[in-house]
Number of protein chains: 4
Amino acid sequence: MKVGFIGLGQMGSAMATNLIKAGHDVTVYNRSRDKAEALAAEGAMVAETVAEACGGEAVFTMLAHDDALSAVVHGDGGVLASLGKGAVHISASTISVAMSERLTREHAAAGQHFVAAPVFGRPEAAAAAKLFVAAAGAPDAIQTVTPLFDAIGQRTFVLGEEPKAANLVKLSGNFLIASVIESLGEAMALVEKGGVDRHAYLDLLTSTLFNAPVYKTYGGLIADRKFKPAGFTAPLGQKDIRLALAAGEALNVPLPLASLLRDRFLNLLAHGGEELDWSAIGALAAKDAGLVE
Amino acid sequence: MKVGFIGLGQMGSAMATNLIKAGHDVTVYNRSRDKAEALAAEGAMVAETVAEACGGEAVFTMLAHDDALSAVVHGDGGVLASLGKGAVHISASTISVAMSERLTREHAAAGQHFVAAPVFGRPEAAAAAKLFVAAAGAPDAIQTVTPLFDAIGQRTFVLGEEPKAANLVKLSGNFLIASVIESLGEAMALVEKGGVDRHAYLDLLTSTLFNAPVYKTYGGLIADRKFKPAGFTAPLGQKDIRLALAAGEALNVPLPLASLLRDRFLNLLAHGGEELDWSAIGALAAKDAGLVE
Amino acid sequence: MKVGFIGLGQMGSAMATNLIKAGHDVTVYNRSRDKAEALAAEGAMVAETVAEACGGEAVFTMLAHDDALSAVVHGDGGVLASLGKGAVHISASTISVAMSERLTREHAAAGQHFVAAPVFGRPEAAAAAKLFVAAAGAPDAIQTVTPLFDAIGQRTFVLGEEPKAANLVKLSGNFLIASVIESLGEAMALVEKGGVDRHAYLDLLTSTLFNAPVYKTYGGLIADRKFKPAGFTAPLGQKDIRLALAAGEALNVPLPLASLLRDRFLNLLAHGGEELDWSAIGALAAKDAGLVE
Amino acid sequence: MKVGFIGLGQMGSAMATNLIKAGHDVTVYNRSRDKAEALAAEGAMVAETVAEACGGEAVFTMLAHDDALSAVVHGDGGVLASLGKGAVHISASTISVAMSERLTREHAAAGQHFVAAPVFGRPEAAAAAKLFVAAAGAPDAIQTVTPLFDAIGQRTFVLGEEPKAANLVKLSGNFLIASVIESLGEAMALVEKGGVDRHAYLDLLTSTLFNAPVYKTYGGLIADRKFKPAGFTAPLGQKDIRLALAAGEALNVPLPLASLLRDRFLNLLAHGGEELDWSAIGALAAKDAGLVE
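Here is what the cut-offs are and how they apply
- Each chain has its residues counted from 1, following the order in which its sequence is written.
- Going through the entries in the order they are written, you letter the chains from A and number the ligands from 1.
- Residue-level local features of this predicted model are given only where pLDDT is at least 70; pairs of side-chain atoms are given and counted only at 80 or more, and the full residue set underlies all totals for whole chains, interfaces and linings.
- No hydrogens and no water enter the side-chain calculation; it runs on all heavy atoms of the structure.
- Per the convention used, a helix needs a DSSP run of H or I reaching at least four residues, while a strand needs a run of E reaching at least two, with both numbered from the N terminus.
- As a reference, a globule follows 2.2 Å times the number of residues to the power 0.38, and the radius of gyration itself is taken over C-alpha atoms.
- The contact criterion used throughout is that any non-hydrogen atoms of two residues lie within 4.5 Å.
- All accessible areas in this document rest on Shrake-Rupley with a 1.4 Å probe, and a residue is counted as covered only by the protein chains that are shown.
- Boundaries between domains were set according to an automatic or database domain assignment.
- Put simply, buried area is how much 1.4 Å-probe accessible surface two parts lose in total, over both of them, once they are put together.
- Salt bridges are identified by distance alone: a Lys or Arg side-chain nitrogen within 4 Å of an Asp or Glu carboxyl oxygen.
- Whenever two N or O atoms come within 3.5 Å, that pair is a polar contact, provided that in protein one can donate a hydrogen and the other can accept it, and provided that, for residues adjacent in sequence, both atoms are side-chain atoms.
- Under the convention adopted here, Pro, Cys and the residues Ala, Val, Leu, Ile, Met, Phe, Trp and Tyr are nonpolar, Asp, Glu, Lys and Arg are charged, and Gly plus all remaining residues are polar.
- Here the copies are superposed with least squares, the fitted atoms being C-alpha atoms of residues at a pLDDT of at least 70 in both.
- UniProt positions are given in the numbering used here, feature names are shortened, and annotations may be inferred rather than shown by experiment.

Novice: Sorry, what's going on with the overall build of chain A here?
Specialist: The helix and strand tally for chain A stands at 13 helices and nine strands. Radius of gyration (C-alpha) of chain A: 20 Å, near the 19 Å computed for a compact globule of 293 residues. Taken along the three principal axes of its C-alpha coordinates, chain A extends 65 × 45 × 35 Å. Counted over contacts in chain A with a minimum sequence separation of 6, partners at least 24 positions apart contribute 66%. Of the roughly 10000 Å² of accessible surface on chain A, a fraction of 52% belongs to carbon and sulfur atoms.

Novice: Mind showing me how you'd approach the domain arrangement of chain A here?
Specialist: Note on interface size: it is often stated as the accessible area lost on association of the parts. Residue and element names in this part refer to chain A. Per the domain assignment, the segments making up chain A are domain 1 (2-161) and domain 2 (167-288). Its C-alpha centre places domain 1 at a distance of 28 Å from the equivalent point of domain 2. Counting residues at the interface gives 16 residues for domain 1, matched by 20 residues for domain 2. A buried area of about 1300 Å², summed over both sides, lies between domain 1 and domain 2, and 62% of it is on carbon and sulfur atoms. One can count one salt bridge joining domain 1 with domain 2. Its salt-bridge partner being D277, residue R122 comes within 3.3 Å of it at the nearest N-O pair. Applying the counting criterion to the domain 1 and domain 2 interface returns six residue pairs in polar contact (both at pLDDT 80 or more). If you list the elements that add at least two residues to the side of domain 1 that touches domain 2, you get α5 (97-109) and β7 (119-120). Of the residues that constitute the side of domain 1 that touches domain 2, the class distribution is nine nonpolar, six polar and one charged.

Novice: Help me understand the relation of the copies chain B and chain A, please; the structure alone is not making it clear to me.
Specialist: The two chain copies are related to each other by a rotation about an axis together with a translation along it. When chain B is fitted onto chain A, the two copies agree to an RMSD of 0.0 Å after a turn of 180 degrees and an axial shift of 0.0 Å. Considering both components of the superposition, the chain copies are consistent with a two-fold axis. Within chain B, the C-alpha atom positioned nearest to the axis of rotation is that of B:A212, 2.6 Å from it. The overlap is high: 100% of the interface residues of chain B also sit at the interface in chain A, so the same surface is used on both sides.

Novice: What should I look at first to understand the UniProt feature "domain: 3-hydroxyisobutyrate dehydrogenase-like NAD-binding" (unreviewed entry) in chain A in this one?
Specialist: Mapped onto the present numbering, the UniProt feature "domain: 3-hydroxyisobutyrate dehydrogenase-like NAD-binding" (unreviewed entry) falls at residues 165-281 of chain A. Split by type, residues 165-281 of chain A is 72% helix and 0% strand. Its first and last C-alpha atoms lie 28 Å apart.

Right, here's the structure in full:
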C-alpha cells in the first residue's frame, strides 16, 4: 500500500521501518529532515513537505502532542488539504479526546476518513513490530488499513466506530501504567525504610502476583533508580495524565488517582525532570520519606 | 512433623488440609468448633483448647486480626504459655508490624521462636497448595518449618531475620493489589462513560500490558460488578490498608495512594459493604461518576 | 467617566448599577437584551452591539468564562477592534491566566490598555458596592480607572504591572474559599456522625477561631444543606478550580488540595448539581459517610 | 475550689497560673519537678505524687498524648485510684475519642465524674485566660467545674453529656486549622511562582475575606517561613490528625483532606521537622514546586 508517515521520533521511526519491511511503499516526513534521511536507507521516500506525504491511500501521524499534530494537519498544505478523497488519516500517537472529535468532523467534511489508532508499547516493542494497536473508526476505513496495523503490531483491537474511543482507551492505559509506577514507588519506599532490600522485594513481587512485564520493567527502573535514558519522558507522561483528566472533566468523571499522578509529575518537572523517564515519579515517595534527596 | 493449626477460616482450613495431605500430624483448633470437626474427617486431631494445639514442634496461627491473635497467644493457656522451648510459632495471617515486633520479643523471652510467614493468594490458591509464602525469622527456625511451607505453597521467599519484614511485605502486597483495583475502577469509569464496553476494555488490557492474574481476577469482578460472595472481604481489606498506613506512620513514610484507598474502604463500609469482596471499592469511581447508584 | 459594561449577570448588573449611581456615564451591553433594558431604568444607555459599548475611556467585561469573553473581544466589531487608542479594557470576571496573557499582548499591540481587575464578593456585596478589587496592569491605566473601582468596591489592591498576577490571585482566592467549604464539609460529617449537632458545632467554630464571614456564610449553607438558590453556581466553582490547576500546571506547582476539590466538583456535576451553589460540594463528605443520600 | 493540675507544659502552666490568680486552691504535679516548682512561686502547692494532686473536688490533666494520660490515670496511685467519690477528672488536652470513652466508663465505675474539656488557643491565649473551652459530660459535673473554666477561658461551649463529643470537636477543630495551613501553603506557592509577593498577597487575603486570626497567624508564619520556636509542634499536629482519622475510621467517615494532611506531616517529620511549628507543613507545597529546598 502507498502510505505516508509523519513524525519520526523513536517510536515513529521504528513503526515506519516496519511498514517498509512489510513491503509497503512509504513516504516519510519529519520537521527536522535528518531523521527522515535515516529512513531513506531503509527504503523510504523522503518528502520535502507534509503534502508530499499525503499522496497515498493512508497517512500516519505520530506526533508528540495536539499542537504538533494540528501544525501538520491544519493550514495550507496540511494533511486535511492534501489528502485525497477516501484516503485515511491514521493518528497513532496519544492525543486528546477533544482533538480526536475535531479531526473526525473535519476529515468527514473533507470526504476523508479519520482512524484513531494509538499504540501500546515502548520503543523496543515498536522496533520488534510487537506493538498493540487500539483502533477505532469507520469499519471500511479500519479494514483498509488493517494490513498496516499488522505490519507494526502483534495485535489490533477494534474499539468501535467512534475514533475518540481509541484515544480514551489509550489515555486510560497510560494512566494505568502510571498508577503501577506510583504504587510501586510507595510500596518500595515503605519496605525499604522498614529494612527490606528493594531488589529482593521486586523479585518476590514479580515472581508471584505481579508477573506482568509492566511491573518488571518499571519496578526495575525504580529499584535501580535509573531514569536515564528515558524510554518515555516525564513531560509526555504528564501530558497523558493531563489529557486523561481533561477527558474525565468533559465527562464528569472524578479521577482521584489520576489527580495524584498529576501532582507527582508537576513535582518532578519542578525539580528538573524534563529529561527523565516518566517512571521517575516512582522515586518521589522515597523522596517524601527522606530516603533520597 | 507434629504441628498445630489455630484459625480455620476459608484460608486456614485449606492450609491445614494441605498440611495433612503432605503427611504432617496436625492438631487443629478453632473458636467455633464446627470448623474443626470438618477437618477431623480429613485426618486432623481436634483440640479442645489452644494449649492442646501447641504440643508439637510448631503451631500456625491464621487469624483475622491482631486482637484475635492476641486472644489466643496471650493469657493463661495461650500460645506463649503453652508452646515448648525451641518450638516455633508461625504467624501466617496479615498482622500489624507492631504486633509482629511484640511477638518477636515475647517468644524470644520464652525460649521459643517466632516466624512471620504471611501468605499471598486467594482461597482457590490456598486449596490448591499454590500460595506464596513470605517468611522472615531466625534462619534455624525457618529451616525447621520449611517443609510446612512446602506443603501449603508453591514457593517461599525468605526476607531476612526480622519477622516484621515479612509482615511489612505482606501489607505492601495487599496495598499493591488494592491499588490495581482502584486504578481499574477509575479507568473503567472513564472509558465506560466515554462509550467503551467494560468487558471489551478489560479484554484489551489483559491481553496486552496487564496480562497478570491480578488484573484478570479483579478486573473481571469490577467489570461484572459482582462482589458477592467475597473471596476477601472489604473489612479485611480496610484492615490491611490501615496496617500499611500505620507501618508508614511509624516509619514516617507518606503514602498518598494508600490514603486514597483508606477513604474508599470507609466509604464502602459506610454504605453497607461489610459482606462484599474488597474489590467493591473498584465500583466507587463509577458511583462518583454517576454511572451506578 | 464614559464607560461601557459588557456582561449583565447577577454580579455585572449590580456593578453597572453602582457605576451609574456614582455618576458615571454607562453604556451597557448584554447578549440577551432584557437584562440591559432593566438597567436602562437605572440610567444606563443600552448598546445594540459590543462596539457601541466600547466608545468611552474604558469598558468592563464581566463574563462567565474565557469563551464568552473571547466571543466579545475578538472578531469584527469586538472589543479589540472597537476600543479607542489609549482606552482601557477592564476584565473583572475570573478568567484564565493564559487568556489574561493573551489579552495583555493583543491590547498592547492595538495601542490599548488591558487591566485585570477581578473582584471578591458574592452578589450581596456587589449590590452594596462592597466588593474587593484585585487589580493589576500598567500604573497609568490603573490610575485612570481607579474612580470606577471606587464606585463598585470598598477597597482596591494593586498587585503589580502584569495583569495576570491579579487573575492568579483571584483564582487562588476562590481556591481558598473552596478549601474552607471542603474542610467544613469533612469536619461536619465527622462530628455529626459522632453525635454532635451541626448548627451547635458551627456556632462554636464561628464564635471562636473561625469568626470570618466566609466560615459563617458557607458553614451556614452546609449546616442547613440548602444549596438553592445559588449565589455562585457549581459549574463556576468547577471552572475556577480548573483554571487554578491549569495555572499551577503552567508553573509546575502541584496542588493536591485543589485536585481534591476538582474531583468533588466533578462528582457534584455528575449527580445533577449544575444549578446548586458551589458550597454543595460541602455535602459530599456527608454523602461518602452515608449520612445523606 | 480545691483543684489539682497534672501536666505543666507551656499550656498547662499558663492554665494553672490562671486558676491560682482566680483564687482557687491549686496543687500541681509534673513528672519533671522543676516546672512544678516554678508554679510554687505563683502560689501553687507542689505535689510529690499524682495521688497528692487528686485530693480536691477536681483534677485537670493536660498531657501531650493518650499514653502520658494513661500513665497518670491508671495503676496504683493513679488518678482513678486516688480521686474521691463524686470528684471530677477534667481532661483538657487533646486525646483520642477511644480514650475518652474508656475514661468515661472507668470513672463512672469508680463513682467519679469524667469531663472532657479540651481547649482552643495557642500559648499566648492560655496566658491571657482567653482560651475557648469545649466541654462535655454529665450536667452536674459540668456545673461544678464551670468556675474553673471561667478562670482559664473567655467562653465555654457545652457539647452534651457524652464526654467524647468534646474530644471529637477538638480534633475536628485542629483538623480545620491544619486545613487552613495547607490551603494557604498551596495558594502561596502558586501565586509566588506566578510573581506575586507572599506578604502582599497575605495582606490582601487577611484584609478581605479571610480576616480571621487563624489566617493572620498561620499565614504570617508561612509567608515568613519562620517555624521556630514552635507554638505547637509538628508531632503534636501529626498526632491530632492521626486521632481525627482514627475517629473517622471508627465511624466510617472518609476524610480525604485529613489524609492529605497526614501525609504532609509524615513528610515533614521524615525531614527533621520534630522541633518545628506544625504550620511548617505549609511550606511543603512550595518545596514540591521547587521554590525552596
